[in-house]
Amino acid sequence: MDALLLARLQFAITTVYHFFFVPLTLGLSIMLAIMETIYVRTGDEKYKRMVKFWGKLFLINFAMGVVTGIVQEFQFGMNWSEYSRFVGDIFGAPLAIEALLAFFLESTFLGLWLFGWDKLSKRVHAFTMWMVAIGANISALWILIANSFMQEPVGYVLRNGRAEMNDFFALLTNPHVWAQFPHVFFSGITTAAMFVVGTSAFHLLRKSPDKAVWHSSFRFSMIYGLIGIVLVIMQGHTQAQHMVKNQPMKLAAAEALWDSEDPAAMSLFTWGDEKNRRDVFAIRMPALLSILAYNRPSGMVKGINDLQAEYERTYGPGDYVPPVAITYWTFRMMVGAGMVLLVLILLGILYIIKENYPKKIWFMKLLPWAIALPYIANSTGWIMAEVGRQPWIVFGLQKTVDAVSPAVSTGEVLFSLIIFTLLYGILMGADIYLLKKFAIAGTVLDKPQPDSETIPDGLGVEL
Amino acid sequence: MDLNTLWFLLIAVLFIGFFFLEGFDYGVGILLPFLGKDDNQRRQIINSIGPVWDANEVWLLTAGGAMFAAFPNWYATMFSGFYLALVLMLLALIIRGVAFEFRSKDKHPTWRATWDWCIFVGSLVPALLWGVAMGNLVRGVPIDADMHYVGGFWNLLNPYALLGGLATLTLFTFHGATFLTLKLSGDLLAKSRAFAKRLWLPSVVAIFLFVISGYWATDMFTRLGVNPGVAPVFAGIALLAAGYFIYRDRSGWTFILSGLTIVLSTITLFMGLYPRVMVSSFNDAWSLTIYNASSSPYTLTVMSWIALIFVPIVLGYTIWSYWVFRKRIHSHTELEY
C-alpha cells in the first residue's frame, strides 16, 4: 500500500460518507420550507406538526453533513497539496465563495430556525427555513462548479506552471455545471421524498396516532418524488449525452464498450475481461447506445481502445483507461435504482389517485425498504463520476498520481484513514440509532409532556 | 495597498472573527464539565451557544477557503505540513459538532455523559492546537526551497508553540467564562463569574510567557521594534483591564475586553508575519510570502469584488441572529439542545 492509494481510499470513503447525508439535506430543507409556508398561509396545525417531526430528522442528518463537510474542505490541502497548488487559482475561488455565500447562510439561519420558534414571528420563522434551503442548495451549486472544473476544465490558462483563472464567467457557465447540478439537485428532491414516503408508509401501516400527518406527508412527498425522479432521469440523460462529447472515455467505460461502434449497441449485461479488454459474456441491445447518445439509431460511439490510442497521441504514452468494472457496475446500479424508484413512485401516484394506497399492504411494506434506493443511486453515481475520470484528477491537465501531498508519509495517511473510518463508523451507528428512534416515535401531539427532557434528571448529577 | 496585502488582511480578519467567536464557544465547551453540576445546568450552558456555534465555525471554513483561493501555496504547504495536527483538530471538530446535536436527543445518562465528554475534548483540543499553529507560523517551520514542509509532527510541538497553545487555551477559556456571565442566570451566573475570576490570572501568565519567549523564538521583536504600535500594547492593556472589571462584576466590559485581547493579539501575530505567511526556519528566502504563495491578480480581483459584496451581508444577518438571542438563559427556558 502506498501513500497515493491510501490517500485515494481516504478521499473516496470520506466523500461518499459525506454525500450520504447531503442529498437529504438538499431535498428535505426545501420540503420543510414549503410545509412551513403552507402552515403560515393556512394556519393548519397539522403542517406545524409535520414541520416539527420531519425537522427533527432533518437536524440529526444535517449535523452529520456539516461535520463531515469540514473534512472535505481541509482534505484538498492535507492530502492533495500538489493538486491544490496546481489548480488553487481556480478551484479555491468556488470553495471560498461556497463558504461565504452558503455556509454562513445555512448555519446562521438554521440556528435561528431551531432556537427561534418562540422568538420570531411565524412568517419570519418560515423565512429562516427558506434561507437554510437556499444556503444548502447554493452550497451544492458552488461545490459542483468546483467539481465541474475537474471534469471539464474551462476559463483557465496554463501559466507559471499552474492553471490560472482567466474567465470567472466561464466557470459559472461551464456546460458541465448545468448538466450536473440539476441532476444532483433533483436527486436530493428524490432522496427526501423517499425518506418521507417510506417513513410515512411505516406509520400508516402501524396505524400510528396523528393519521392526518402521515397521509398528508405521504401524498405530498409522493408528488415531490414524482417531480424529482422524472427530472433526475431526464437530466441524467442530458448528462450522458454531454459526456459523449466531453468525457467519451468515461462513457465507454460505463458501457464497457471496448471498440468504437456505429451504430453502437448498449450493454444490458457484460461480464468482461478487463485486462485483455474483451467481453467474456454479454447481452447487448443493437443501436440503443447510439439512440441514447444522439437521439437517432446511428452515430459513432467511441470505444476504449480507440480512445486510448487517441489519448496517447494527445497526452503522450500512458494508461488512460479508468477501472472499467467499477465504472460499469456503479453506473448500472445508479440507473437501476433510479428505474425501480420511477416504477415505485408511479405506482404510488396511481394508488393515490385511486385513493386505495392504505390498502396496498405489500406496497406500503415495501416503501420503508425503498428508502435505501436513492442512497444507493447517490453513492454509486458519484463513484462512477469520479472513478470514470481516472487517471485524471483534472481531466486532461493533471493526473491523480501527480496531485498527492509529498509532505505526508504513508504512515500518516494510514493513521488518518483508519481513525476517520472508525470514527465515521461509530457516528453512523449513533446517527441511524437516533433517526430510527425519532422516526418511529412519531409526532408530538401536545405541548411539552410531563416527562419531557427539560426536567433535570437526577441520574446526571454524579456523572 | 495591493491586492495581495488586501487578501492577507481579509484572511487576518477571518481568523480574528473566528478566534473571537469560536474562542468563547471553545471556552464554553471546556467549562461544561466544571460548571454544570446537573443535566439541566449542562443543557443551559450548551444552549447558551446553541444557536450560534455552527455559524461561528464557518469563520474557520471561510478562512480556509480564502487561503485556498488567495494563497494556494500557503493552503497547500500548511495543510499538508501540519497533517497530523489537523487530523486531530478535525476529529475534535467532528465529535464536538455531532455532540451538540445528539446529546439531548436521548435520556440515557451514559449517552449524555459521552457526548458531554466529546464537547469538552472537542473544544479543548482545537483551543490548544490553534495556539500551537499560530506559534509555529511566526516561529518558522522547516520548509524547503520547493515550499514543502519537511518537519514531521513532533517538530510542531516545540516549547514556544506549546506556550502559544497554552495561551490560547487559557485565553479562550477565560473568554468563554466571560461570555457565560452574559448569558446565564442565577446559580450558574455566580459560578461563571467565579470561574472567570479564577481564569484571568492564568491567562495573563500564559500570554506573558508566550510573548517573552517570542523574544528568543521569533523575530517578532526585531520586526515590530521598540514601539510595536497600537495593537500589541493595547492587547496587553485590554487583558489587564479585563481583570479590573471582572473583579467588579462588570460582565459586559469584561467580555468586550477579553474579546479585544483576542482581536488585538491576533492582529499582532499577523503583523509579525507580514508579508510572510509561513516562515521557513531553513532560509528566509524560502519563506512563503503574500507574493510567492498567491493566486493570480485576476483571481484576487474577482474574489475581492465577491468579498466586498457579500461580507457586509453576512455580517448583517450574523448581528441580527445575536440580537434575536440576546436574552439570558434560565433554568426554565425551553432548551433545544
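Computed from a predicted model, the values in this text were never measured in an experiment. (Residues numbered from 1 in each chain as written. Chains lettered and ligands numbered in written order. Predicted model: local features only at pLDDT ≥ 70, side-chain atom pairs only at ≥ 80, totals over all residues. Heavy atoms only, no water.)

Okay, the overall build of chain B next. The helix and strand tally for chain B stands at twelve helices and two strands. Shown N-terminal to C-terminal, the secondary structure of chain B runs as helices and strands in the order α-α-α-α-α-α-α-α-α-α-α-β-β-α. A compact globule built from 337 residues would reach a C-alpha radius of gyration of about 20 Å, and chain B, at 20 Å, matches this within 12%. When its C-alpha atoms are laid out on the principal axes, chain B stretches across 60 × 40 × 40 Å. Per-residue burial over chain B gives 65% buried out of 337 residues. (Helix = DSSP H or I, 4+ residues; strand = E, 2+ residues; numbered from the N terminus. Rg over C-alpha atoms; globule rule 2.2 N^0.38 Å. Buried < 20%, exposed > 50% of the residue type's maximum accessible area, 1.4 Å probe, protein only.)

Moving on, we come to the environment of B:Leu224. Residues and elements named next belong to chain B. Its location among the elements puts leucine 224 in helix 9 (residues 220-224). Remark: the alpha-carbon pair of leucine 224 and methionine 271, spanning 47 residues in sequence, is separated by 7.9 Å. The contact partners of leucine 224, leaving out residues within four places of it in the chain, are Thr268, Met271 and Gly272. (Contact = heavy atoms within 4.5 Å.)

Another aspect to go through is the interface of chain B and chain A. Facing the 76 residues of chain B at the interface are 82 residues of chain A. Between chain B and chain A the total buried area reaches about 7,200 Å² when both faces are included, carbon and sulfur atoms providing 73% of it. In this assembly, chain B and chain A are joined by one salt bridge. Taking the shortest distance from any N to any O, the salt bridge between A:Lys437 and B:Asp106 comes out at 3.2 Å. Summed over the shared surface of chain B and chain A, the number is 19 residue pairs in polar contact (both at pLDDT 80 or more). Secondary-structure elements contributing two or more residues to the side of chain B that touches chain A are helix 2 (39-49), helix 3 (53-70), helix 4 (72-81), helix 5 (83-102), helix 6 (109-139) and helix 12 (297-324) of chain B. (Buried area = accessible area lost by both parts, 1.4 Å probe. Salt bridge = Lys/Arg side-chain N within 4 Å of Asp/Glu carboxyl O. Polar contact = N/O pair within 3.5 Å; in protein donor to acceptor, adjacent residues only side chain to side chain.)

Bringing the domain arrangement of chain A into the picture now. Residues and elements named next belong to chain A. Per the domain assignment, the segments of chain A are domain 1 (3-247 + 332-460) and domain 2 (250-322). Using C-alpha coordinates to define each centre, domain 1 is positioned 32 Å away from domain 2. Each partner contributes residues to the interface: domain 1 has 19 residues there, and domain 2 has 16 residues. For the domain 1 face of the interface with domain 2, the top three residues by lost area are Gln241, Val244 and Arg332, together amounting to 34%. Across the contact surface, domain 1 and domain 2 share one salt bridge. Between arginine 332 and glutamate 255 there is a salt bridge, and its shortest N-O distance comes to 2.8 Å. At the boundary of domain 1 with domain 2, the tally comes to ten residue pairs in polar contact (both at pLDDT 80 or more). Listed by contribution, the elements that provide at least two residues to the side of domain 1 that touches domain 2 are helix 7 (211-246) and helix 13 (372-387). Per-element accounting of the side of domain 1 that touches domain 2 gives the leading share, five residues, to helix 7. For the side of domain 1 that touches domain 2, the residue count by class is nine nonpolar, seven polar and three charged. (Domains from an automatic or database assignment. Nonpolar A, V, L, I, M, F, W, Y, C, P; charged D, E, K, R; others polar.)

All right, on to the layout of surface pockets then. If you roll a probe as big as a water molecule over the atoms, it shows you where there is empty space left. Its boundaries defined by the atoms lining it, the second largest pocket holds a volume of some 1,300 Å³. Sorting the residues of the lining of the second largest pocket by element identifies helix 1 (3-42), helix 2 (45-79), helix 3 (81-115), helix 4 (122-151) and helix 13 of chain A together with helix 3 of chain B as the ones contributing at least two each. When residues of the lining of the second largest pocket are assigned to their parent elements, the largest contribution, twelve residues, is made by helix 1 of chain A. Residue composition of the lining of the second largest pocket, grouped by class: 31 nonpolar, eleven polar and eight charged. (1 Å grid on protein atoms, 1.4 Å probe; cavity = no way out; pocket = protein on both sides within 12 Å on 5 of 7 lines; lining within 4 Å. Points joined across faces, edges and corners; volume = space filled by probe spheres on them.)

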